[in-house]
Each structure stands twice: as structure tokens, then as C-alpha cells.
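Spelled out, the chains give:
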Amino acid sequence: MDIKDEDIAKQFKRLLFERLKKYNWFLGIAISSSGKGLHIYTKIQIPESNENDHKKSKILYLTNFRHKYSFVYLACLKIIEKNNTLNKDDIIRWMDMSMFKPQQGAFIP
């Protein structure tokens, strides 16, 4: 999440952790190197495939990614309900879609 505000990033880190920690696919949250954003780590299973299943594997990966992305988005909506200075447009600006490609992920064996 590219929040661009250090104080909001720190606040969201704590609040998102509390909302997401109950899910078995959630690994953790870290402040970005700039200090103004968040890295949210989740487990996304990459289906085993062969050349014939490449298209199917890609669809399954994207579905899995969108599932986690939606949970993070919904958790953010719950957080902003209690904050009158933030709105849905802020969340949409913050959420980064660059990780939707399997080759962009940080793979941890």
C-alpha cells in the first residue's frame, strides 16, 4: 500500500494486523523502506502446472490474489469507518496492483 503518509501508515499497520491476523493465509505487515507505505505479506498458492495447464494456473493464481486483495480492501474499509478524514478513494489510491503478476511476488519457500 502506497499511503505516502508515515503516521497513517503506522496506524494502518497496527489496525490491519488486528483485522487480518485471524486468516491462515496472512503472514504479516511491514512498513516500506520509505516509511510511508505498507507491505502486506500473504500466502498465495501457485498451482502446479504443466505446459497444457498454463492458462488454468494463471486463472487460479489471479483468483487467489484477488481473494486476498479483497480481504485487505474490506479491512481498510472497516478502519476508515471510524476515521472521518479518510474515504474509499484514499484506499483505492493506496492499493498497489503491481503484485498481481506471479513473477512480481516475493517467493518464500
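Look up a bit, the structure's there.
Residues numbered from 1 in each chain as written. Predicted model: local features only at pLDDT ≥ 70, side-chain atom pairs only at ≥ 80, totals over all residues. Heavy atoms only, no water.

A. Representation of a positive patch on the surface in the model. On the surface, R19, K22, K78 and K82 cluster together into a patch of positive charge. Residue position: K22 is located in the loop between α1 (6-20) and β1 (26-31). For K22, a relative accessible area of 64% translates into the label exposed. (Patch = residues over 30% accessible without salt bridge, like charges linked within 9 Å, V, L, I, M, F, W, Y side chains within 5 Å. Areas by Shrake-Rupley, 256 points an atom, 1.4 Å probe, with all protein chains shown as cover. Salt bridge = Lys/Arg side-chain N within 4 Å of Asp/Glu carboxyl O. Lys, Arg positive; Asp, Glu negative; His and termini not counted. Charge placed at Lys NZ, Arg CZ, Asp CG, Glu CD. Helix = DSSP H or I, 4+ residues; strand = E, 2+ residues; numbered from the N terminus. Buried < 20%, exposed > 50% of the residue type's maximum accessible area, 1.4 Å probe, protein only.)

B. View of unusual backbone geometry. Even without a glycine there, the phi angle at K4 is positive, about 70 degrees. One can find K4 in the segment before α1.

C. Inspection of the side chain of S32 at higher detail. Considering the arrangement of structural elements, one finds S32 in the loop between β1 and β2 (38-42). Non-local contacts of S32, meaning those with residues more than four positions away in its chain, are made with G37, L38 and H39. (Contact = heavy atoms within 4.5 Å.)

D. Just the environment of R19, in detail. Within the secondary structure layout, R19 lies in helix α1. Residue R19 is classed as partly exposed on the basis of its relative accessible area of 33%. Once you skip the residues sitting within four places of it in the chain, R19 turns out to touch A75, K78, I79 and K82.

E. Representation of the side chain of N64. Tracing the backbone through its elements, the reader meets N64 in helix α2 (residues 54-80). One polar contact links N64 to K68, side chain to side chain, over a distance of 2.4 Å. (Polar contact = N/O pair within 3.5 Å; in protein donor to acceptor, adjacent residues only side chain to side chain.)

F. Layout of the packing of aromatic side chains. For the coordinates displayed, the defined rule picks out six aromatic pairs. Taking 4.9 Å as the distance between ring centres and 75 degrees as the angle between the ring planes, the aromatic pair formed by Y23 and F71 counts as edge-to-face. Here the residue Y23 occupies a position in the loop between α1 and β1, and F71 occupies one in helix α2, the gap between them amounting to 48 residues. Taking the relative accessible area as the measure of exposure, F71 reaches 26% and is therefore partly exposed. (Phe/Tyr/Trp six-rings, centres within 6.5 Å; stacked < 30°, edge-to-face > 60°.)

G. Molecular detail of the nonpolar core. Counting residues in hydrophobic clusters, the biggest one holds 23 residues, and the most contacted among them are M1, I3, F12, L16 and L38. At the level of secondary structure, the elements contributing two or more residues to this core comprise α1, β1, α2 and α3 (88-94). Of the residues forming this core, the biggest block, eight residues, is contributed by α2. Discounting chain neighbours no more than four positions away, the residues touching L16 are M1, I29, L38, I40, V72, A75, C76 and I79. (Core = buried A, V, L, I, M, F, W, Y, C linked by side-chain atoms within 4.5 Å.)

H. Fine view of α2. Given a rise of 1.5 Å per residue, 27 residues ought to cover 39 Å, and the 39 Å separating the end C-alpha atoms of α2 matches this to within 8%. For α2, the complete set of buried residues consists of S57, Y61, N64, F65, K68, Y69, V72, A75, C76, L77, I79 and I80. In this structure, the buried residues of α2 make contact with α1, β2 and α3. (Expected span 1.5 Å × (residues − 1).)

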